[in-house]
Amino acid sequence: PHFRYLSSTWWMSSSTSMSLSAGSSRSRSSSRSLRSSSRSSSSRAGVFGARQAGHVRATATDAPRIEKTENAKQDAMTRTQRAVFPFVRVVGQDQVKTALILNMVDPKIGGVLIMGDRGTGKSTAVRGLMTLLPEIDVVEGDAYNSSPSDPELMGPDCIDAFRENGGEPLPNATTVSTPLVELPLGATEDRICGTIDIEKALAQGIKAFEPGLLAKAHRGILYVDEVNLLDDNIVDVVLDSAAGGWNTVEREGISVSHPSQYILVGSGNPDEGEMRPQLLDRFGMSVEVTTIMNSEERVQLVKERRAFDNDPESYLEAVMPEEEDLRKRIAEARLRLNNVVVPRPLKVKIAGLCAELGVDGLRGDLVVNRVARAYVAFSQPEKTEVEADDVAAIVSICLNHRMRKDPLDPIDGGYKVAMMFRKIFNSDDWEAEQAAKKKAEEEAAAKAAAELKENPRSGKKAGAWGGLP
């Protein structure tokens, strides 16, 4: 009986088990050991019970203090999440800021790739967009950020509920900030695309789908830092989903398709590795960032950063009017976007430019047209038609990464785009400039020939061999 009792209550007291083991070997001291173990067990149970009661009493008594501590932790977490250097105070890097803003005006542009030196503010500029992103209406509790009224932006569960509701907007709607999801370098394909829900499979015995990062980034921004260091298969999955707007998962007997429309932003340092041309072409825009060399801008950057580090809350509060103004301009540009058109003669010239540059495919034509419309909608509210000057302002960052690069060619791709743009869009000026250049070269050659005829040693160093007499 003692052993049966021990096997059922061994967890209550280790001293009891030791006493009972000793009592089993000595019959005379059995009762004594049992009594001592019982006293020890009772005392330990009393202490354990007192600790439990004290814990309960402390929980009941200190509930306001604990709740206050939890609230303080949440407030601190919120402040930490919001303590991001503001986008409006990024010094320099005008092309980066322009590309990011235009993608927010028209999310269908296809994202932006930011490549450049380390420490040039690439990640800072992207993370600063968090305060500029507008709020969106989503279905509460849905893992896909589904829209309550637009079936094209609904996940599998919400689209079924939407059809059962007769096409009426879903009632359980709420407003949240536009998500900005960062894709870490160590992420696996299962975590990105989604996989089977192991917890439900083990607990309930059912096959269920657990959404991945592509579902969380739906209707938001997916930021991939050091994109040139990711595995090619991961980059292919992300870019395919971004281009098609859907993510399809076929694995472990699960077949799920859900919308995944997001703005893809990638950054990296080209010194650490290049990307394949097929992957570069998937990004709508590409910006090359260089280190700021202007002394005044560098001093201003250090000043702004020190002010932010010393008191982030006061600094962010001071820039709120600037952020609100930029947020308002972006929202108004979205409303004007559909009213901006690209005239047919300009479309023909854009097509001719892409053909002359040898751009593969038609993505270049589509992106230039989209970006030009977004540029006009944001920067020139009074205009409704794109002009050649507007295309000139954005064509370089749309096409420089789509050209076939020769590693032995010292000329930058952006410079080639600018030169070819002048040839296509300003043909008269280009022909006049080329004619003047050719005439100057001929005159220089004729002058050099005349001087050589008058003085055979003209242009040669003193003592240089002049050939046989």
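Summarised in this report is the structure supplied together with it.

Conventions used here
- Residues numbered from 1 in each chain as written.
- Predicted model: local features only at pLDDT ≥ 70, side-chain atom pairs only at ≥ 80, totals over all residues.
- Heavy atoms only, no water.
- Helix = DSSP H or I, 4+ residues; strand = E, 2+ residues; numbered from the N terminus.
- Contact = heavy atoms within 4.5 Å.
- Areas by Shrake-Rupley, 256 points an atom, 1.4 Å probe, with all protein chains shown as cover.
- Phe/Tyr/Trp six-rings, centres within 6.5 Å; stacked < 30°, edge-to-face > 60°.
- Buried < 20%, exposed > 50% of the residue type's maximum accessible area, 1.4 Å probe, protein only.
- Salt bridge = Lys/Arg side-chain N within 4 Å of Asp/Glu carboxyl O.
- Lys, Arg positive; Asp, Glu negative; His and termini not counted.
- Core = buried A, V, L, I, M, F, W, Y, C linked by side-chain atoms within 4.5 Å.
- Expected span 1.5 Å × (residues − 1).
- Axes fitted to C-alpha atoms, helices over the stretch in contact; angles between N-to-C directions.
- Parallel < 35°, antiparallel > 145°, perpendicular 65-115°, else oblique.
- Left-handed = near helix turned anticlockwise from the far one by under 90°.
- Nonpolar A, V, L, I, M, F, W, Y, C, P; charged D, E, K, R; others polar.
- Polar contact = N/O pair within 3.5 Å; in protein donor to acceptor, adjacent residues only side chain to side chain.
- Patch = residues over 30% accessible without salt bridge, like charges linked within 9 Å, V, L, I, M, F, W, Y side chains within 5 Å.
- Charge placed at Lys NZ, Arg CZ, Asp CG, Glu CD.
- Pairing = 2+ DSSP bridges.

This next bit is on the overall build of the protein chain. Within the protein chain one finds 20 helices and 11 strands. Of the contacts formed within the protein chain by residues at least 6 apart in sequence, a portion of 72% connects residues at least 24 apart. Carbon and sulfur atoms provide 53% of the accessible area of the protein chain, an area that totals close to 28,000 Å².

Here the focus is the packing of aromatic side chains. Summed over all chains, the structure comprises four aromatic pairs. Measuring from ring centre to ring centre gives 5.8 Å for Phe308 and Tyr315, while their planes differ by 75°; the resulting arrangement is edge-to-face. Of the two residues examined, Phe308 and Tyr315, each falls in the buried class. With centroids separated by 4.1 Å and ring planes inclined at 20°, the aromatic side chains of Phe421 and Phe425 adopt a geometry described as stacked. Here Phe421 pairs with Phe425, and both are found in helix 19 (residues 413-425), just four residues apart, close to one helical turn. Side by side, Phe421 and Phe425 carry an identical accessibility label, which is buried. Three or more aromatic residues joined by ring pairs form one cluster here, namely Phe85, Phe308 and Tyr315.

On inspection of all chains with the given rule, the structure shows 12 salt bridges. Among the ionic pairs, Arg127 bridges to Glu182, the shortest N-O distance being 2.8 Å. Here Glu182 lies in strand 4 (residues 180-183) and Arg127 lies in helix 6 (residues 122-127), a separation of 55 residues in the sequence. Overall, Glu182 belongs to the partly exposed group, its relative accessible area being 36%.

On to the side chain of Glu323. Inspection of the secondary structure puts Glu323 in helix 15 (residues 320-336). Look at Glu323: it is buried, it has no salt bridge, and the nearest opposite charge is Arg327 at 4.5 Å. Residues in contact with Glu323, not counting those within four places in the same chain, are Pro86, Val88, Thr131 and Leu132.

Here Arg329 lies in helix 15. Each C-alpha atom of the pair Arg329 and Phe378 lies 6.9 Å from the other, and the pair is 49 residues apart in sequence.

Before going further, it helps to spend a moment on the nonpolar core. If you look at the biggest cluster of nonpolar residues, it comprises 56 residues, and the most contacted ones within it are Leu100, Val265, Val391 and Leu399. The dominant element in this core, judged by the number of residues it contributes, is helix 17 (residues 363-379), at eight residues. Aside from chain neighbours lying at most four places away, what touches Val265 is Leu100, Val112, Ile114, Val126, Ile221, Leu222, Tyr223 and Val224.

What follows is about helix 17. Across its 17 residues, helix 17 extends 24 Å between first and last C-alpha, which sits within 8% of the 24 Å expected from 1.5 Å per residue. Taken across its 17 residues, helix 17 has 12 buried, putting it largely inside the fold. Tucked into the core, helix 17 has its buried residues touching helix 5 (94-105), strand 11 (285-289), helix 15, helix 16 (344-356) and helix 18 (388-399).

What follows concerns the packing of helix 17 against helix 18. For the pair helix 17 and helix 18, the least separation of the axes is 9 Å and the interaxial angle reads 135°. As far as their axial angle goes, helix 18 and helix 17 are oblique. The handedness of the crossing between helix 17 and helix 18 is right-handed. Of the residues in helix 18, those touching helix 17 at Gly364, Val367, Val368, Val371, Ala372, Tyr375 and Val376 are Asp390, Val391, Ala393, Ile394, Cys398 and Leu399. By residue class, the composition of the contact of helix 17 with helix 18 is 11 nonpolar, one polar and one charged.

Tracing the backbone through its elements, the reader meets Arg219 in the loop between helix 10 (213-216) and strand 7 (221-225). Separated by 39 residues in the primary sequence, Arg219 and Leu180 have C-alpha atoms spaced 9.4 Å apart. At a separation of 3.1 Å, a polar atom in the side chain of Arg219 contacts the main-chain carbonyl oxygen of Asn145.

This part is about a negative patch on the surface. Among the surface-exposed residues, Asp117, Asp271, Glu272 and Glu274 lie close enough to one another that they form a single negatively charged patch. With a relative accessible area of 64%, Glu274 lands in the exposed category.

Time to look at the pairing of strand 11. With four of its five residues buried, strand 11 lies for the most part within the structure. Strand direction decides the pairing type here: strand 1 (residues 112-116) and strand 11, joined by five bridges, are parallel. Among the inter-strand pairings, Ile114 is bridged to a residue of strand 11, identified as Val287.

With respect to burial, strand 1 is a largely interior element, five of its five residues being buried. Side chains of strand 1 alternate between two faces, with Val112, Ile114 and Gly116 and Leu113 and Met115 buried alike. Sheet topology places strand 1 next to strand 10 (residues 263-268); four bridges connect them, and they run parallel. Across the sheet, Val112 pairs through a bridge with Val265, a residue of strand 10.

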